[in-house]
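# Tertiary structure, described
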Amino acid sequence: MRIPVQINESSAEPLYHQIETQLRSLIVTGQVAEGTLLPSIREFAADLKCSVITIRRVYQDLENEGLLRTRQGTGTFVTKVDTDDREAYKKQIVQDAVRELIDTARSVGYTGDELRSLLDETLREENRK
């Protein structure tokens, strides 16, 4: 199975984090379903043109979170995500994105009020689509 993960090589975000965040989102939103057999570490690394060590770290981190399970000899599978856990993961993903937005806004000198105004404006634009 091909996992739709995109790497942005010009991003300051570490490669493993980009992959881990996207794979977590795919699992939490159900786009990669429970029981799905993921590509082997080597296959996924080759597909993304990155290190086997990077993918091993991603799989291990997500396994530690309970989102993946590896069975010796058969591979790595997506585990069942309970509704409450799914909501907690979704909230955490959005909170992390908001924190990153706040950090970016601060780095360019935006105040909290300016950021709120920009966010409101952007939400209105998105709702018109």
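Remember, it's a predicted structure, so these values are computed and weren't measured experimentally.

Attention now goes to the domain arrangement of the protein chain. The assigned domain composition of the protein chain is domain 1 (15–78) and domain 2 (83–128). Summarising the inter-unit geometry, the C-alpha centres of domain 1 and domain 2 are found 26 Å apart. For the pair domain 1 and domain 2, the two sides together bury roughly 500 Å², of which 65% comes from carbon and sulfur. Applying the counting rule to domain 1 against domain 2 returns three residue pairs in polar contact (both at pLDDT 80 or more). By residue class, the composition of the side of domain 1 that touches domain 2 is three nonpolar, three polar and two charged.

Time to look at helix 4 (residues 83–107). Residues separated by three or four positions in an α-helix point in the same direction, a consequence of the helix having 3.6 residues per turn. In this model helix 4 runs 36 Å from its N-terminal to its C-terminal C-alpha over 25 residues, within 8% of the 36 Å that 1.5 Å per residue would give. Where helix 4 terminates, the next one or two residues include glycine 109, which has phi positive at roughly 90°.

Another aspect to go through is the nonpolar core. Grouped together as the largest cluster of nonpolar side chains are 22 residues, with contacts concentrated most on Leu23 and Phe44. Broken down by element, the residue count for this core peaks at five residues, all from helix 1 (residues 15–28). In this structure, leucine 23 is in contact with Ile3, Leu38, Phe44, Val58, Tyr59 and Leu62, ignoring residues within four places of it in sequence.

Turning to the UniProt feature "domain: HTH gntR-type" (unreviewed entry) in the protein chain, a few remarks are in order. When the UniProt feature table is mapped onto this chain, "domain: HTH gntR-type" (unreviewed entry) is found at residues 13–81. Secondary structure across residues 13–81 divides into 51% helix and 12% strand, with the first and last C-alpha atoms of the span separated by 26 Å.

Further remarks concern the confidence of the model for the protein chain. Per-residue confidence for the protein chain gives a mean pLDDT of 92, with 100% of residues at or over 70. Across the protein chain, element-level confidence peaks in helix 3 (residues 52–64) with a mean pLDDT of 97 and bottoms out in helix 4 with 88.

A few words on the packing of aromatic side chains. Per the stated rule, a full pass over the model turns up one aromatic pair. Residues phenylalanine 44 and tyrosine 59 carry aromatic rings whose centres are separated by 6.1 Å and whose planes lie at 35° to one another, so their mutual orientation is tilted. Residue phenylalanine 44 is located in helix 2 (residues 41–48), and its partner tyrosine 59 is located in helix 3; the two are separated by 15 residues in the primary sequence. Both residues of the pair, phenylalanine 44 and tyrosine 59, belong to the buried class. Note that arginine 57 overlies the ring of tyrosine 16, its terminal NZ or CZ placed 3.5 Å from the centroid. Its end group placed over the ring of phenylalanine 77, arginine 71 keeps NZ or CZ at 4.4 Å from the ring centre.

Scoring rules and cut-offs
Residues numbered from 1 in each chain as written. Predicted model: local features only at pLDDT ≥ 70, side-chain atom pairs only at ≥ 80, totals over all residues. Heavy atoms only, no water. Domains from an automatic or database assignment. Buried area = accessible area lost by both parts, 1.4 Å probe. Polar contact = N/O pair within 3.5 Å; in protein donor to acceptor, adjacent residues only side chain to side chain. Nonpolar A, V, L, I, M, F, W, Y, C, P; charged D, E, K, R; others polar. Helix = DSSP H or I, 4+ residues; strand = E, 2+ residues; numbered from the N terminus. Expected span 1.5 Å × (residues − 1). Core = buried A, V, L, I, M, F, W, Y, C linked by side-chain atoms within 4.5 Å. Buried < 20%, exposed > 50% of the residue type's maximum accessible area, 1.4 Å probe, protein only. Contact = heavy atoms within 4.5 Å. UniProt positions renumbered as here; feature names shortened; annotations may be inferred. pLDDT = per-residue confidence, 0-100. Phe/Tyr/Trp six-rings, centres within 6.5 Å; stacked < 30°, edge-to-face > 60°. Lys NZ or Arg CZ within 6 Å of the ring centre and 35° of its normal.

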